[in-house]
Amino acid sequence: RRSVVSVQATGVINPSVKKDLDKVVDTIKADEIEGKKGVFCRCWRSAKFPYCDGKHAAHNKETGDNVGPLIIEKP
Ligand code: FES
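Residues numbered from 1 in each chain as written. Predicted model: local features only at pLDDT ≥ 70, side-chain atom pairs only at ≥ 80, totals over all residues.

**Student:** Quick question: what am I supposed to make of the overall build of the protein here?
**Tutor:** Of regular secondary structure, the protein possesses two helices and two strands. Ordered by position from N to C terminus, the α and β elements of the protein give α-β-α-β. Counting over 75 residues, the protein shows a buried share of 9%. Sequence-distant contacts in the protein: of pairs separated by 6 or more residues, those separated by 24 or more amount to 52%. (Helix = DSSP H or I, 4+ residues; strand = E, 2+ residues; numbered from the N terminus. Buried ≥ 20, exposed ≤ 12 C-beta atoms within 10 Å, placed from the backbone. Contact = placed C-beta atoms within 7 Å.)

**Student:** Would you mind going over the UniProt feature "domain: Iron-binding zinc finger CDGSH type" (unreviewed entry) in the protein with me for this structure?
**Tutor:** Those places that UniProt annotates as "domain: Iron-binding zinc finger CDGSH type" (unreviewed entry) correspond, in this numbering, to residues 23-62. Between the C-alpha atoms that bound residues 23-62 there is a distance of 27 Å. The span itself is 20% helix and 10% strand. (UniProt positions renumbered as here; feature names shortened; annotations may be inferred.)

**Student:** Looking at this structure, how should I read the environment of arginine 42?
**Tutor:** In this fold, arginine 42 is placed in the loop between strand 1 (37-40) and helix 2 (55-63). The class for arginine 42 is partly exposed, based on 14 C-beta atoms found within 10 Å. Expressed as a C-alpha distance, the spacing of arginine 42 and histidine 59, which sit 17 residues apart in the sequence, is 12 Å. Setting aside anything within four residues of it in sequence, one finds arginine 42 in contact with Val67, Gly68, Pro69 and Leu70.

**Student:** Help me out: how do you make sense of the environment of valine 25 in this one?
**Tutor:** One can find valine 25 in the loop between helix 1 (2-10) and strand 1. For the pair valine 25 and arginine 45, spaced 20 residues apart in the sequence, the C-alpha separation amounts to 16 Å.

Below, the structure is given as structure tokens:
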């Protein structure tokens with residue numbers, strides 16, 4: 001639970017994604033999603049942000065957190 005305490009103390013969720021920007025906003029058109037689904041990062045640790053690269057698993061193991069991706073399925 002170290003990380004949870006750290007987030008509460010600082011208010012910072014994003015450790016490294018596009019820190020040169022005031023606000024990180026990503027827009028992806030549905031038809032730009034490759035394959036049948038898009039898997040999007042919600043842990044802010046992915047090197048492929050805004051897409052999930054699986055780093056949430058290590059984050060969860062290290063911190064006891066329980067975050068995972070948002071998956072959008074195409075019709
Ligand atoms: Fe962030 Fe998977 S890498 S949710």
